[in-house]
Amino acid sequence: MNRRIVLWTAIVEVCFVGMSLAWAAPCPCDGDVDNNGVVNVLDGACIDVCKRNGDCSCCLSSCDVNCDGVVDAGDIGDDVIVDPSAWLCQFNGGTPSTCCPGPTGACCDVSTGTCADSVLEVDCSGVDHVWSESLACSQVSCQGPPTGACCDLDFGTCQNDILESNCVGAGLVWSDGLSCTQVSCPAPPT
């Protein structure tokens, strides 16, 4: 009975110690789970057994190839040879950076106030871009530059939601954060 406990403890340590190390460091995205130096069908079969039955004893490194915290279809699909997965990507010659690109999130462009969902951090670059890991645009505040009322004193007209940079010229007056109903744009005397 004690041998079974010791063996089970060893299996758990082999499976989960590798996983915890992967979480502490950047994702190694290593499809060579049996550590034989090559990503092959034996690794795929090992990950598949771990995913289906929870027996990760053949994984000498983590079976969580894509480092998302679970052994699932992202690591090995339901059809090991066909379904897109981190292991199959490497089996077909992909590099860790292409096979496990990392988490996605909301990418906000604060210069325009626009937001895009499911964007990789590397694709949300630029001075005016803010990336929020694992969040959707509906979960973040993506306010652009302030808008306001643009009053044309020469004609007595007004436009709402105008950027200050678009309300420049003779007779134009911009009011930050206000609407046309909140400002006075008197028509010039005729």
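Shown above is the structure to which this text applies.
Below, the structure is looked at part by part.

## Quick look at the overall build of the protein chain
Per the secondary structure count, the protein chain includes four helices and six strands. Along the protein chain, helices (α) and strands (β) appear in the sequence α-α-α-α-β-β-β-β-β-β when read from the amino end. Expressed as a percentage of contacts within the protein chain between residues at least 6 apart in sequence, the contacts between residues at least 24 apart total 48%. Here the protein chain displays about 11400 Å² of accessible surface, and carbon together with sulfur accounts for 57% of that area.

## A look at the nonpolar core
Membership of the largest hydrophobic core comes to 17 residues, with the highest contact counts inside it found for Val33, Ile47, Cys50, Cys59, Cys63, Val65 and Trp87. Elements represented by at least two residues in this core include exactly helix 2 (41-53) and helix 3 (86-91). Judged by nonpolar contacts, the second largest core, of five residues, contains Cys151, Cys180, Val183 and Cys185.

## Focus on the packing of aromatic side chains
Within the structure shown, the criterion is met by one aromatic pair. Relative to Phe91, the ring of Trp87 has its centre 4.9 Å away and its plane inclined at 25°; by these criteria the two rings are stacked. One end of the pair, Trp87, and the other, Phe91, are both in helix 3, four residues apart, so they sit about a helical turn from each other. Residue classification places Phe91 among the partly exposed positions, given a relative accessible area of 33%.

## Observations concerning the state of the cysteines
Counted under the stated rule, the structure contains 11 disulfides. The partner cysteine of Cys29 in its disulfide is Cys100, sulfur to sulfur 2.0 Å. Disulfide Cys29-Cys100: the torsion about the S-S bond is 65°, which places it as right-handed. Taken together, the positions of Cys29 in the loop between helix 1 (2-24) and helix 2 and Cys100 in the loop between helix 4 (96-99) and strand 1 (104-109) put the pair 71 residues apart, joining distant regions of the chain. Each of the two residues, Cys29 as well as Cys100, counts as buried. The disulfide partner of Cys150 is Cys167, and the S-S distance across this bridge is 2.1 Å. In this structure, the disulfide formed by Cys150 and Cys167 twists by about 85° around the S-S bond and is classed as right-handed. Of the two residues, Cys150 is situated in strand 4 (residues 147-152) and Cys167 in the loop between strand 5 (157-163) and strand 6 (172-176); the sequence distance between them amounts to 17 residues.

Scoring rules and cut-offs
- Residues numbered from 1 in each chain as written.
- Predicted model: local features only at pLDDT ≥ 70, side-chain atom pairs only at ≥ 80, totals over all residues.
- Heavy atoms only, no water.
- Helix = DSSP H or I, 4+ residues; strand = E, 2+ residues; numbered from the N terminus.
- Contact = heavy atoms within 4.5 Å.
- Areas by Shrake-Rupley, 256 points an atom, 1.4 Å probe, with all protein chains shown as cover.
- Core = buried A, V, L, I, M, F, W, Y, C linked by side-chain atoms within 4.5 Å.
- Buried < 20%, exposed > 50% of the residue type's maximum accessible area, 1.4 Å probe, protein only.
- Phe/Tyr/Trp six-rings, centres within 6.5 Å; stacked < 30°, edge-to-face > 60°.
- Disulfide = S-S within 2.5 Å.

On their own, these measurements won't tell you what the molecule is for.
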